[in-house]
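# Close look at the chain arrangement
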Amino acid sequence: MSEAGAGRRRADSPAQHSIDEILAASRAGVERVEPAALPALIEQGAHVIDIRPVTTREPEGHIPGATVIDRLVLEWRLDPSSADRMSKGPEHEDLVIVVCNEGYYSSLAARDLRDLGFHRATDLIGGFRAYAGAEQPVAVEPTRSVR
């Protein structure tokens, strides 16, 4: 990511923006991940976090090596200072790649993780559907699921 803090929210910014503006700001200066690159990044130790709802995960499958975490609790499970942090979670300097269905909601979640100090947090371009469409490996069951 070329700019520290890229896409972060600002308390002093105007309160009204379109979702397209918010999405563009969340992606500004961030190197997003192409689906074909994901398996190699997992092999190199990237933490892939799947925030898709169960209604799409079950019929569509899972990314081997990814951790499933409900979006509602994402920050609490990853924040190193949280009493509810998951075991063996990423550290602030680790690469964290968030995955949703089509690569929109994940951009917003990655922005929120950068606000928590995960300066390398990013997301998967096109989400799980682009990943599966690129004929990348898909598993029936999740590698890891954190509640």
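That block above? That's the structure.
Quick caveat: nothing in here was measured; it's all calculated off a predicted structure.

Within the protein chain, the secondary structure is distributed over 6 helices and 5 strands. Mapped in sequence order, the helices and strands of the protein chain form the string α-α-β-α-β-α-β-α-β-α-β. The C-alpha atoms of the protein chain give 15 Å as radius of gyration, which agrees with the globular expectation for 147 residues (15 Å, within 12%). Its C-alpha atoms give the protein chain principal-axis dimensions of roughly 45 × 35 × 30 Å. As displayed, the protein chain has an accessible area near 7900 Å², and 51% of this comes from carbon and sulfur atoms. One finds the centroid of the 17 positive side-chain charges in the protein chain at a distance of 3 Å from the centroid of its 23 negative side-chain charges.

On to the pairing of strand β3 (residues 96-99). Burial along β3 is two-sided: Val96 and Val98 facing one way and Ile97 and Val99 facing the other are all buried. Note: strand β1 (residues 47-50) against β3, 4 bridges, orientation parallel. Opposite Asp50, over in β3, you have Val99 as the bridge partner. Regarding the hand of the β-α-β motif, the stretch spanning β3, helix α5 (residues 105-115) and strand β4 (residues 122-123) is right-handed.

Evaluation of the coordinates by the stated rule reveals 9 salt bridges. With a shortest N-O distance of 2.8 Å, Asp123 and Arg32 are connected by a salt bridge. Taken as a pair, Asp123 in strand β4 and Arg32 in the loop between α1 (19-27) and α2 (38-43) lie far apart in primary sequence, 91 residues in all.

The buried fraction of α5 is high, at 9 of 11 residues. Those residues of α5 not exposed but buried are Ser106, Ser107, Leu108, Ala109, Ala110, Arg111, Asp112, Leu113 and Arg114. Along its buried surface, α5 packs onto α1, α4 (74-78), β3 and β4. A positive backbone phi angle near 110 degrees is found at Gly117, which sits one or two residues after α5.

In total, this model carries 1 aromatic pair according to the counting rule given. With 6.1 Å between their ring centres and 35 degrees between their planes, Phe128 and Tyr131 make a pair best called tilted. With Phe128 and Tyr131 both in helix α6 (residues 127-133) and 3 residues apart, the pair spans about one turn of that helix. For Tyr131, a relative accessible area of 2% puts it in the buried group. Between the NZ or CZ atom of Arg52 and the centre of the ring of Phe128, over which it lies, the distance is 3.9 Å. Just above the ring of Tyr105 sits the side chain of Arg71; from NZ or CZ to the centre is 5.8 Å.

Let's shift gears to the pairing of β1. When β1 meets strand β2 (residues 67-69), the two strands line up parallel, connected through 2 bridges. Bridging from a neighbouring strand, Asp50 pairs with Val68 of β2.

On to the side chain of Glu75. Here Glu75 is to be found in helix α4. With relative accessibility at 16%, the residue Glu75 sits in the buried group. Other than its neighbours up to four places away in sequence, Glu75 contacts Asp112 and Leu116.

Reading the values: rules and limits
- Residues numbered from 1 in each chain as written.
- Predicted model: local features only at pLDDT ≥ 70, side-chain atom pairs only at ≥ 80, totals over all residues.
- Heavy atoms only, no water.
- Helix = DSSP H or I, 4+ residues; strand = E, 2+ residues; numbered from the N terminus.
- Rg over C-alpha atoms; globule rule 2.2 N^0.38 Å.
- Areas by Shrake-Rupley, 256 points an atom, 1.4 Å probe, with all protein chains shown as cover.
- Lys, Arg positive; Asp, Glu negative; His and termini not counted.
- Charge placed at Lys NZ, Arg CZ, Asp CG, Glu CD.
- Buried < 20%, exposed > 50% of the residue type's maximum accessible area, 1.4 Å probe, protein only.
- Pairing = 2+ DSSP bridges.
- Right-handed = clockwise from strand over helix to strand, strands pointing away.
- Salt bridge = Lys/Arg side-chain N within 4 Å of Asp/Glu carboxyl O.
- Contact = heavy atoms within 4.5 Å.
- Phe/Tyr/Trp six-rings, centres within 6.5 Å; stacked < 30°, edge-to-face > 60°.
- Lys NZ or Arg CZ within 6 Å of the ring centre and 35° of its normal.

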